[in-house]
Amino acid sequence: MTGGKTLPLLWSDGEFLSPGSPVYAATERGAALGDAVFDTVLCLGGKAVLRQAHQRRLEHSADFFAHRADGRLIAAAYDLSAETGEAAVLRVSISRGAGARGLATDLSQYSRVTAMLSPLPPSLQFQPLALDIAAAARNETSALSQWKTASSYLDAVLATGAARQKGLDDALFLNTRGFAACTTMANIFAVMGRRLITPPVHDGVLPGVTRGLLLCLAADAGMAAEEASLTARDLQTADEVFACNSLRLIMPATNMGGASLRFRSILARLLRDRIAQETGSMPAPPDWAAD
């Protein structure tokens with residue numbers, strides 16, 4: 001039975017707060033230094049889609065950055081999905097607490113668990129993308145390229161702004177060796193014949209939850225899934241190119257760096273079916289999805 005609370009909902013360390021309430025002190029390391037990790041998940045029918053994979057990744061992120069967060073609070077944050085039957089977005093963050101000035105980490109510091117449950121914007125999913133190529137390179141040698149952290153998104157903010165000024169939707173990051181990594185908000189895939197290819201994590205890739213699911217669904221679509229380095233030219237000449245993330249699901253790339261791209265994939269239907277199995281709610285089909 002799902003709740004019927006009005007969205008948005010703000011929750012921190014087990015307590016509901018009024019939306020817009022201050023959560024972090026000025027000395028909070030998450031706010032002052034970006035010393036925080038987070039996860040964003042789609043909620044349908046009062047359930048977080050692929051919850052176990054999302055929660056596990058956030059817990060691994062907290063462990064990697066040595067956050068001392070209460071596991072019961074992390075689980076309770078994901079339980080917020082049951083507070084509404086509406087389509088919603090749940091963002092869960094773990095931020096290291098207030099501390100003295102400086103960069104050294106006090107490993108005894110407690111980390112705060114905060115969550116925001118917001119309405120899912122209409123017409124967000126399955127929208128095509130026209131891609132710019134970002135001016136900045138993705139640093140595949142940095143651990144930040146493989147985790148969702150508060151400090152690792154400013155290049156994405158700048159690249160998104162530059163793309164929008166050109167009338168485009170998003171930007172593709174190439175890494176320092178010239179291989180494709182990801183867009184500012186999503187993993188990237190190419191279809192070449194019957195091969196479904198996505199860049200490997202060591203190319204500066206966040207291992208997205210939806211990315212992992214699509215690699216598993218490839219066989220059902222009659223494709224062989226693989227992780228392999230891709231150049232911009234590889235993407236421009238591929239049979240199909242698309243981006244994916246947990247909220248927007250599959251986004252066909254229609255243009256990249258001036259090259260027109262094509263897309264029509266059975267993977268959209270398989271992804272919708274998998275979500276319906278988990279939640280009992282089926283995302284609306286896009287016009288371009290194969291039946």
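Refer to the structure presented above.
Overview of the structure. (Residues numbered from 1 in each chain as written. Predicted model: local features only at pLDDT ≥ 70, side-chain atom pairs only at ≥ 80, totals over all residues. Heavy atoms only, no water.)

To continue, consider the overall build of the chain. Within the chain, the regular secondary structure consists of 7 helices and 15 strands. Whereas a compact globule of 291 residues would reach a radius of gyration of roughly 19 Å, the chain reaches 19 Å, a difference of no more than 12%. Considered along the principal axes of its C-alpha atoms, the chain spans approximately 50 × 45 × 35 Å. The burial tally for the chain puts 51% of its 291 residues in the buried class. Taking the intrachain contacts of the chain between residues at least 6 apart in sequence as the baseline, contacts between residues at least 24 apart amount to 71%. Per element, the accessible surface of the chain, about 13,200 Å² overall, is 53% carbon and sulfur. Counting 27 positive and 28 negative side-chain charges, the chain places the averaged centre of each group 1 Å from the other. (Helix = DSSP H or I, 4+ residues; strand = E, 2+ residues; numbered from the N terminus. Rg over C-alpha atoms; globule rule 2.2 N^0.38 Å. Buried < 20%, exposed > 50% of the residue type's maximum accessible area, 1.4 Å probe, protein only. Contact = heavy atoms within 4.5 Å. Areas by Shrake-Rupley, 256 points an atom, 1.4 Å probe, with all protein chains shown as cover. Lys, Arg positive; Asp, Glu negative; His and termini not counted. Charge placed at Lys NZ, Arg CZ, Asp CG, Glu CD.)

You can see T40 is positioned in strand β3 (residues 36-44). The class of T40 is buried, set by a relative accessible area of 17%. Aside from chain neighbours lying at most four places away, what touches T40 is H54, V89, L90, R91, K148, S246 and L247.

A separate point is the packing of aromatic side chains. Within this structure, the stated rule accounts for 5 aromatic pairs. Note on F65 and W147: the rings are 6.3 Å apart at their centroids and 80° apart in plane angle, and the pair reads as edge-to-face. A residue pair is termed long-range when its members are at least 10 positions apart, and F65 in the loop between α2 (51-64) and α3 (71-79) and W147 in the loop between β7 (129-133) and α4 (154-165) qualify at 82 residues. The rings of F64, F65 and W147 are connected pair by pair, giving a single aromatic cluster. (Phe/Tyr/Trp six-rings, centres within 6.5 Å; stacked < 30°, edge-to-face > 60°.)

What follows deals with the pairing of strand β14 (residues 249-256). Remember that side chains alternate between the two faces of the sheet whenever the strand is regular. By the criterion of burial, β14 is predominantly enclosed, with 7 of the 8 residues buried. The sheet contact formed by β7 and β14 spans 3 bridges and is parallel. Paired with A130 across the two strands is N255, which belongs to β14. With 4 bridges joining them, strand β13 (residues 240-245) and β14 adopt antiparallel strand pairing. Bridged to A243 within β14 is M251. The loop that links β13 with its antiparallel partner β14 comprises 3 residues. (Pairing = 2+ DSSP bridges.)

Turning next to the sheet that holds strand β2 (residues 15-17). Reading across the sheet, the 6 strands line up as β2-β1-β6-β5-β3-β4 and stay open at both edges, with antiparallel pairing between neighbours. Each having just a single partner strand, β2 and β4 (47-48) make up the two edges of the open sheet. Across 2 bridges, the pairing between β3 and β4 is antiparallel. Opposite L44, over in β4, you have K47 as the bridge partner. Where α2 meets the sheet, it contacts β3, β4 and β5 (88-96), and its direction lies at approximately 175° from that of β3. (Axes fitted to C-alpha atoms, helices over the stretch in contact; angles between N-to-C directions.)

Once that is clear, we can look at the environment of N139. Inspection of the secondary structure puts N139 in the loop between β7 and α4. It is 25 Å that separates the C-alpha atoms of N139 and V92, two residues lying 47 residues apart in sequence. Residues in contact with N139, not counting those within four places in the same chain, are S145 and T176. Among the polar contacts made by the side chain of N139, one reaches the side chain of T141 at a distance of 2.5 Å. (Polar contact = N/O pair within 3.5 Å; in protein donor to acceptor, adjacent residues only side chain to side chain.)

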